[in-house]
Amino acid sequence: DAGVIQSPRHEVTEMGQEVTLRCKPISGHNSLFWYRQTMMRGLELLIYFNNNVPIDDSGMPEDRFSAKMPNASFSTLKIQPSEPRDSAVYFCASSPREGAGGYGYTFGSGTRLTVV
Amino acid sequence: GEDVEQSLFLSVREGDSSVINCTYTDSSSTYLYWYKQEPGAGLQLLTYIFSNMDMKQDQRLTVLLNKKDKHLSLRIADTQTGDSAIYFCAETPENSNSGYALNFGKGTSLLVTP
């Protein structure tokens with residue numbers, strides 16, 4: 001299995017531009033999670049999906065952020081318009097069930113976003 | 001959300017044991033985890049412990065859980081330079097009231113010196 005695949009690995013964009021981050025979870029995994037990592041705040045859960053349905057989006061910072069999971073093999077996280085404070089590493093993770101249980105999550109390698 | 005606290009840095013010499021500590025506040029935590037993050041990479045699950053256990057050993061790794069004090073530790077025996085990384089403690093209550101997502105600490109940077 002190729003693991004959780006995120007693209008792009010690095011993204012540099014200008015303030016005000018739209019940014020789309022992509023994630024392909026492990027085949028057969030029912031749950032997908034988007035996390036953001038910064039030095040100041042550590043790892044923050046943004047949103048998670050179970051069976052393609054958003055379950056908890058309380059961590060999404062504001063209306064500029066949106067996430068979709070149109071099918072079991074693909075999810076996007078969109079920021080529009082982007083701001084410098086959105087600069088962070090964004091991780092996608094998947095799990096075979098809604099709870100991590102004894103399996104935990106499998107993380108992708110992350111997308112490092114820089115907004116200038 | 002509930003808090004998971006870790007010390008930020010730990011430095012040890014190669015061959016010594018490392019102990020990374022974590023405290024958490026959610027008394028309903030069901031599973032507790034240790035993840036490792038190497039530079040430029042995602043998080044990799046190292047080990048986990050179920051809340052009804054107080055110790056788990058896996059090769060060089062020993063996890064101790066004191067549920068009364070809500071304290072979790074990770075001991076790495078015979079620490080090697082390849083163990084240098086950031087170690088994250090995480091917990092989940094796994095119930096429909098508190099949710100199913102993992103709640104992470106801010107990570108402990110472990111530096112192993114020759």
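Just so it is clear, the model here is predicted, and its values are computed rather than measured.

A. Here's a closer look at the overall build of chain B. A tally of helices and strands in chain B yields zero helices and 11 strands. When the elements of chain B are put in sequence order from the N terminus, they spell out β-β-β-β-β-β-β-β-β-β-β. The C-alpha radius of gyration computed for chain B amounts to 14 Å, which stays within 12% of the reference 13 Å derived for 114 residues, consistent with globular compactness. Along the first, second and third principal axes, the C-alpha atoms of chain B reach 45 × 30 × 20 Å. Counting all 114 residues of chain B, 44% fall into the buried class. Here the analysis covers contacts within chain B between residues at least 6 apart in sequence; of these, 56% occur between residues at least 24 apart.

B. Spatial organisation of the nonpolar core. Counting 21 residues, the largest nonpolar core has Trp34(A), Leu77(A) and Tyr90(A) as its most contacted members. The set of elements that each furnish at least two residues to this core consists of β3 (19-24), β4 (31-38), β5 (42-50), β7 (65-71), β8 (74-79), β9 (88-95) and β11 (111-115) of chain A. The contacts of Tyr90(A), once residues within four sequence positions are left out, are Gln6(A), Leu21(A), Tyr35(A), Arg36(A), Leu46(A), Phe65(A), Leu77(A), Ile79(A), Gly110(A), Thr111(A) and Leu113(A). Val12(B), Ile49(B), Leu61(B) and Tyr87(B) belong to the second largest nonpolar core, which has 19 residues in total.

C. Structural detail: the confidence of the model for chain B. With 93% of its residues at a pLDDT of 70 or more, chain B shows a mean pLDDT of 90. Across chain B, the secondary-structure element scoring lowest on mean pLDDT is strand β10 (residues 103-104) of chain B, at 90, and the one scoring highest is strand β2 (residues 9-13) of chain B, at 97.

D. Structural view of the sheet that holds strand β1 (residues 5-7) of chain A. Residue and element names in this part refer to chain A. The sheet built from four strands is open, its strands ordered β1-β3-β8-β7 with antiparallel pairing. At either margin of the open sheet sits one strand with a lone partner, and together these are β1 and β7. Strand after strand, the sheet turns through a mean of 15° between neighbouring axes, direction not considered.

E. Local environment of the state of the cysteines. All names here are of chain A. Going through the model one piece at a time under the given rule, you end up with two disulfides over all chains. For Cys23, the disulfide goes to Cys92, at an S-S distance of 1.9 Å. Torsion about the S-S bond of the Cys23 and Cys92 cystine: about -65°, corresponding to left-handed handedness. Residue Cys23 is located in strand β3, and its partner Cys92 is located in strand β9; the two are separated by 69 residues in the primary sequence. Like Cys23, the residue Cys92 is buried in the burial classification.

F. Structural view of the sheet that holds strand β7 (residues 61-66) of chain B. All names here are of chain B. A sheet is described by the order of its strands in space; here five strands give the open sequence β1-β3-β8-β7-β6, paired in antiparallel fashion. Looking at which strands have only one partner, the edges of the open sheet turn out to be β1 (4-6) and β6 (55-58). Pairwise comparison of adjacent strand axes, ignoring direction, gives a mean angle of 15° for this sheet. One ladder, built from six bridges, connects strand β3 (residues 18-24) with strand β8 (residues 71-76); its direction is antiparallel. Each bridged residue has a counterpart across the sheet, and for Ser18 the counterpart in β8 is Ile76.

G. Highlighting the interface of chain A and chain B. Every contact between the two is made by 23 residues of chain A and, on the other side, 17 residues of chain B. Carbon and sulfur atoms supply 56% of the area that chain A and chain B bury against each other, a total of about 1500 Å² over both sides. At the boundary of chain A and chain B, one finds zero salt bridges. Summed over the shared surface of chain A and chain B, the number is six residue pairs in polar contact (both at pLDDT 80 or more). Of all the elements in the fold, those that place two or more residues in the side of chain A that touches chain B are β4 and β5 of chain A. Broken down by element, the residue count for the side of chain A that touches chain B peaks at four residues, all from β5(A). Across the side of chain A that touches chain B, the residue classes tally to 11 nonpolar, eight polar and four charged.

The rules behind each value
- Residues numbered from 1 in each chain as written.
- Chains lettered and ligands numbered in written order.
- Predicted model: local features only at pLDDT ≥ 70, side-chain atom pairs only at ≥ 80, totals over all residues.
- Heavy atoms only, no water.
- Helix = DSSP H or I, 4+ residues; strand = E, 2+ residues; numbered from the N terminus.
- Rg over C-alpha atoms; globule rule 2.2 N^0.38 Å.
- Buried < 20%, exposed > 50% of the residue type's maximum accessible area, 1.4 Å probe, protein only.
- Contact = heavy atoms within 4.5 Å.
- Core = buried A, V, L, I, M, F, W, Y, C linked by side-chain atoms within 4.5 Å.
- pLDDT = per-residue confidence, 0-100.
- Pairing = 2+ DSSP bridges.
- Axes fitted to C-alpha atoms, helices over the stretch in contact; angles between N-to-C directions.
- Disulfide = S-S within 2.5 Å.
- Buried area = accessible area lost by both parts, 1.4 Å probe.
- Salt bridge = Lys/Arg side-chain N within 4 Å of Asp/Glu carboxyl O.
- Polar contact = N/O pair within 3.5 Å; in protein donor to acceptor, adjacent residues only side chain to side chain.
- Nonpolar A, V, L, I, M, F, W, Y, C, P; charged D, E, K, R; others polar.

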